[in-house]
Each structure stands twice: as structure tokens, then as C-alpha cells.
Amino acid sequence: MLYIHIPYCRRKCLYCDFFSGGASVACWPRLTDALLAELQERVGELPPRLESLYIGGGTPSLMPPVEFRRLMAGVRRIVAEFRREWAEEAEFTIEVNPEDVDEERIRVWQECGISRVSVGIQTFSDPLLRHIGRTHTADEASGALCRLTASFRNVSGDLIFGLPGQDMAQLRRDVERLIAASPQHVSVYALMYEEGTALTALRDAGRIVPTDDEIVAAQYEALTAMLRDAGFEHYEISNYARPGYRSRHNSGYWTGRPYLGIGPSAHSYDGSARRRANPTDLFGYLDRFAPILPGSITDSGRVFYTEETLSEDERREERVMLSLRTAEGLCLESYGVDFGADALMTLLRNAGPHIVAGRLQRAAGRLALTQSGILVADCVIVDLI
Ligand code: SF4
């Protein structure tokens, strides 16, 4: 699994704490050079066979077509030169914003082998879109969905619920309008008030009243029922897919597969215990991998990232947290093999009250959250670990 982070956005959305800078200062050719230089340096960390490439951000759809072509050609060249190969049917995903979807970009994405497009809709309400600082309109979102579903076999749409002022009727209209556009996959996220975001500052200043938790939970239940009725499998807490269209890349994160992350703030994992994080320092990143005067500022041997080795307890906790996000849940046999009989006994003892209360179910050697358990997933997981 290979992830590439594109660190620019047109404007910062009020709720967002992802690492991204303003596109007005973007130097796209230099970014492409830097991403390819990092990949060249780290390609040996990739497994022999690659299942997926995910280009996320930020806003990858902002990347000028000429640079996107150069990036994709460079990635393919480096992977091939290092004798790594793409799996048949490897999933190539790009994240896009509706306002960037035009005929030229669609053609370039297709020609570059993109097989899956994930589009950030968030809501079809223009006042709510303005409220959270999105730069597209509801009509642009509908138009983009229409073009994308006509051009790609695998399209995913993101929605946000629990927006301030979003009532149940509006939420239902959002879900209906998204379903009507016939995407193969839907991701939904409850609005979060992350530390340091503009939205949190507005809330703290009393200028935004967050939606009540009970209403947020009711919205989640309602949208889940609507998507299930429309034929989507609820395969992960925030993700729904038509049969055969689960995200292979994101499923890899939840099942502990190794991945290599390229770009500022990108994370990597070796599949056993070692994690690595690139710093959230765009200019430092560019200086390290694409210096303006080669050899002047950068020291190519300089360690610019942080690394941690997970302890056995941390790996065990991570296994529980990630597995329970999925519909399949946690495999008890492999948990016992990897962490020992005592750890398994403790887990089952802690799970007991939640099984009795109907928040967890144990079946076919697996432990999984029930629909009511998903609503209190964090509390259940804390009890288990
Ligand atoms: S477009 Fe996406 S990454 Fe960029 S600021 Fe908005 S939510 Fe964050």
C-alpha cells in the first residue's frame, strides 16, 4: 500500500485539522520533484506486490494535470525500476473536491490509471456548506458526482453529519441526494471540534452551538438505515459499500497491513511494530527533497522524520481498536496466538458485560460491535483494553 499526501487546499475548511497549506503559495513542480525524490529514497520499504495507491490530502484534485501526469509516471517508473509490481486490479484512489472536477482532469485521471475517486460532498445544503467554509456549492457537488459516476466504475462520496443547524430532514435530503447519484461507496463522519480549528474557536466564543449528542446519534442511526435499505453494506464504522466495492486501501489500515506514506505529514507502518511520521513542515520537506539550490541547504542524510516502535501493549490495544471498527470485528484466535492466552482471557472477561448488554456480539470466533455498540464504540473499546 502506497499513500501520497498532497498538502495544498484552496482554502482551509473551518473544521479541518489535516495538514495542508494554501494553494496560492503552491509550487507544484517542486512538490512533484520532492514526492518523487522521497519515493526514490524509500522505495525499498515497499513490499514486492502493491495492492493500492491512495493519493490524499489536502486536495489532490487541485494538482495541475501536467504535474499529476508527471507524478504518476514517476511513481510507476520508480516502482518498476525497483522491481516492485502492482497487483492485478490494484486500487488507485484520488481524493477530489467537487469544484475541481472538469473534463480535462477526468481524462487525465483516467489516463493515469485512477480506478477509484473519493469526492468530498459533506452536505447538499448551500448555507451549511458556507457555514463550514467549503468552497463548493450543492449544485457543483451534484454535477461532479454525475460526471464522476459516468466516468469511473468506483466512486465514493463523503458526507458530514451533526453540522450546526443541520436537522434530520436536511440530513435525510443529503443522504437521498447522494444515493440518487449512484455512488458505489459512501463515507460519513460526525463533525468533530478538533483542537486549534476555526470551528472550535467559534464554538468557544459562543458563536456556534454544537448539535446535541443524542441528535448526532439519531442522525447516524437514520443515515445507516437509509444506506442499508439502499443496498450498502455497513462494513466499517464510517464506511458503507455496495457489494464488492469496499475500499481496499483503507481496509488495509484497519487490518494492520504495512504501508508507505510519502509527503509532508505522511505516516508509514512496517506491518509489525514500527511507525514513522514525516513532519508537518512543508518548507522543511521541500528543502529536504527538492532544494532550490541543490546541495546548499539540504543534507540528504539528515533524519527528518520521527519513528516509534510500538510496545506489545500498544500493538494489542491497536489491534482491538482497529478491528472493532470493522463489521468482521476481532479474530479471537489470532489475538490469542499473537498476545497470549492470558490477554485473550482478560479481553473476554472485559467483553462479558457488553455482550450481555447487547453492545458486542461473539460469533464464529470473532468479537464485533453491534449496531447499538457502535454508538458507544469508544467506551466499549476502552473497557476492553
Ligand atoms: S479540503 Fe479537505 S483537507 Fe482541505 S481544508 Fe477542507 S477538509 Fe481539510
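This text follows the structure it describes.
This text gives an overview of the structure that appears in the document.

Rules behind the numbers
Along each chain, residue indices are assigned from 1 in the same order as the chain's sequence is written. The predicted origin of the model limits local features to residues at a pLDDT of at least 70 and limits the giving and counting of side-chain atom pairs to 80 or more, whereas totals for whole chains, interfaces and linings rest on all residues. To obtain the side-chain values, all non-hydrogen atoms of the structure were included, while hydrogens and water were left out. The helix count covers DSSP runs of H or I at least four residues long, the strand count covers runs of E at least two residues long, and both are numbered beginning at the N terminus. Per-residue accessibility, obtained with a 1.4 Å probe over protein chains only, is compared with the maximum for each type, and a residue is labelled buried under 20%, exposed over 50%, and partly exposed between these values. Two strands qualify as a pair provided that DSSP identifies no fewer than 2 bridges between them. Whether a residue is near a molecule or strand depends on its heavy atoms: it is near if one of them lies within 4 Å of it. Gly is put with the polar residues, along with every residue not named as nonpolar or charged; the nonpolar set is Ala, Val, Leu, Ile, Met, Phe, Trp, Tyr, Cys and Pro, and the charged set is Asp, Glu, Lys and Arg. Should any heavy atoms of two residues lie within 4.5 Å, those residues are counted as being in contact. For a helix, the expected span equals 1.5 Å multiplied by the residue count minus one. The directions from the helix axis to the C-beta atoms form the arc being described. Any pair of nitrogen or oxygen atoms within 3.5 Å is treated as a polar contact; in protein, a donor-acceptor pairing is required on top of that, and neighbouring residues in sequence qualify only through side-chain atoms on both sides. Definitions used for this entry: grid spacing 1 Å over protein atoms alone; cavity, a set of points where a 1.4 Å probe fits but cannot get out; pocket, an open set with protein on both sides within 12 Å along at least 5 of 7 lines; lining residue, one with an atom within 4 Å of a point. Grid points are joined across faces, edges and corners, and a volume is the space filled by probe spheres set on the points. What makes a nonpolar core is a set of buried Ala, Val, Leu, Ile, Met, Phe, Trp, Tyr and Cys residues whose side-chain atoms join them at distances within 4.5 Å. An automatic or database domain assignment is the source of the domain bounds shown. Defined by distance alone, a disulfide is two cysteine sulfur atoms within 2.5 Å.

## Some details on unusual backbone geometry
For step 1, the next point in the chain: Here Gly57 and Gly58 are connected by a cis peptide whose omega angle stands at 20 degrees.
For step 2, the next point in the chain: Relative to the assigned elements, Gly58 resides in the loop between strand 4 (49-57) and helix 2 (65-81).
For step 3, the next point in the chain: Notably, Glu89 is not glycine yet its phi reads approximately 65 degrees, a positive angle.
For step 4, the next point in the chain: With respect to the secondary-structure elements, Glu89 resides in strand 5 (residues 85-96).
For step 5, the next point in the chain: On the basis of relative accessible area, Glu89 is assigned to the exposed category, the value being 62%.
For step 6, the next point in the chain: For Ser265, which is not a glycine, the phi torsion comes out positive at approximately 75 degrees.
For step 7, the next point in the chain: Since its relative accessible area comes to 14%, Ser265 is described here as buried.

## Describing the pairing of strand 17 (residues 366-369)
For step 1, the next point in the chain: Relative to strand 17, strand 15 (residues 330-331) runs antiparallel, the two sharing 2 bridges. Bridge pairing links Cys331 to Arg366 in strand 17.
For step 2, the next point in the chain: As paired strands, strand 16 (residues 360-363) and strand 17 are joined by 4 bridges and run antiparallel to one another. Looking at the pairing, Leu360 lines up with Leu369 of strand 17.
For step 3, the next point in the chain: The loop that links strand 16 with its antiparallel partner strand 17 comprises 2 residues; one of these, Ala364, has a positive phi angle of about 50 degrees.

## Let's talk about the site of the ligand
For step 1, the next point in the chain: Taken together, Cys9, Arg11, Lys12, Cys13, Tyr15, Cys16, Phe18, Gly58, Thr59, Asn97 and Arg134 are the residues near the ligand.
For step 2, the next point in the chain: Its residues assigned to classes, the shell around the ligand comprises 5 nonpolar, 3 polar and 3 charged.

## A look at the environment of Ser118
For step 1, the next point in the chain: Structurally, Ser118 can be placed in strand 6 (residues 116-122).
For step 2, the next point in the chain: Along the chain, Ser118 and Gly56 lie 62 residues apart, while their C-alpha atoms are 9.3 Å from each other.
For step 3, the next point in the chain: Residues contacting Ser118, with those up to four places away along its chain left out, are Tyr54, Thr93, Ile94, Glu95, Val96, Ser156 and Asp158.

## Focus: helix 5 (residues 138-151)
For step 1, the next point in the chain: Relative to the 20 Å expected for 14 residues at 1.5 Å per residue, helix 5 spans 20 Å between its end C-alpha atoms, a close match to the ideal helical length.
For step 2, the next point in the chain: Within helix 5, burial applies to Ala138, Ala141, Ala144, Leu145 and Leu148. Across the axial projection of helix 5, the buried residues extend over an arc of 120 degrees, all falling on one side. Helix 5 presents Asp139, Cys146 and Ala150 as exposed residues on the side facing more than 90 degrees away from its buried surface.

## Some remarks on the side chain of His249
For step 1, the next point in the chain: Take His249: it is sitting in helix 9 (residues 248-254).
For step 2, the next point in the chain: Classification of His249 as buried rests on a relative accessible area of 0%.
For step 3, the next point in the chain: A distance of 2.8 Å separates polar atoms of two side chains, one belonging to His249 and the other to Ser52.

## A short note on the layout of surface pockets
For step 1, the next point in the chain: Its volume calculated, the second largest pocket comes out at about 310 Å³.
For step 2, the next point in the chain: What lines the second largest pocket is a set of 14 residues, among which Glu89, Ser115, Arg153, Asn154 and Tyr245 lie closest to the centre.
For step 3, the next point in the chain: The element contributing the most residues to the lining of the second largest pocket is strand 5, with 3 residues.
For step 4, the next point in the chain: Its residues assigned to classes, the lining of the second largest pocket comprises 4 nonpolar, 4 polar and 6 charged.

## Focus on the nonpolar core
For step 1, the next point in the chain: Ranked by size, the top nonpolar core spans 87 residues in total, and within it Phe68, Ile114 and Leu148 carry the most contacts.
For step 2, the next point in the chain: Both domains that furnish three or more residues to this core are identified here as domain 1 (2-254) and domain 2 (312-384).
For step 3, the next point in the chain: If sequence neighbours within four positions are ignored, Ile114 has contacts with Ile55, Phe68, Met72, Phe92, Thr93, Ile94, Trp109 and Phe152.
For step 4, the next point in the chain: In this structure, Leu128, Leu163, Tyr193 and Ile208 belong to the second largest nonpolar core, which totals 12 residues.

## Remarks on the side chain of Arg134
For step 1, the next point in the chain: Within the secondary structure, Arg134 is located in the loop between helix 4 (126-131) and helix 5.
For step 2, the next point in the chain: The contacts of Arg134, once residues within four sequence positions are left out, are Arg11, Cys13, Tyr15, Asn97, Pro98, Gly120, Gln122 and Leu129.

## With respect to the state of the cysteines
For step 1, the next point in the chain: Under the defined criterion, the tally for this structure stands at 0 disulfides.
For step 2, the next point in the chain: With no disulfide of its own, Cys112 lies closest to Cys27 among cysteine sulfurs, the gap being 20 Å.

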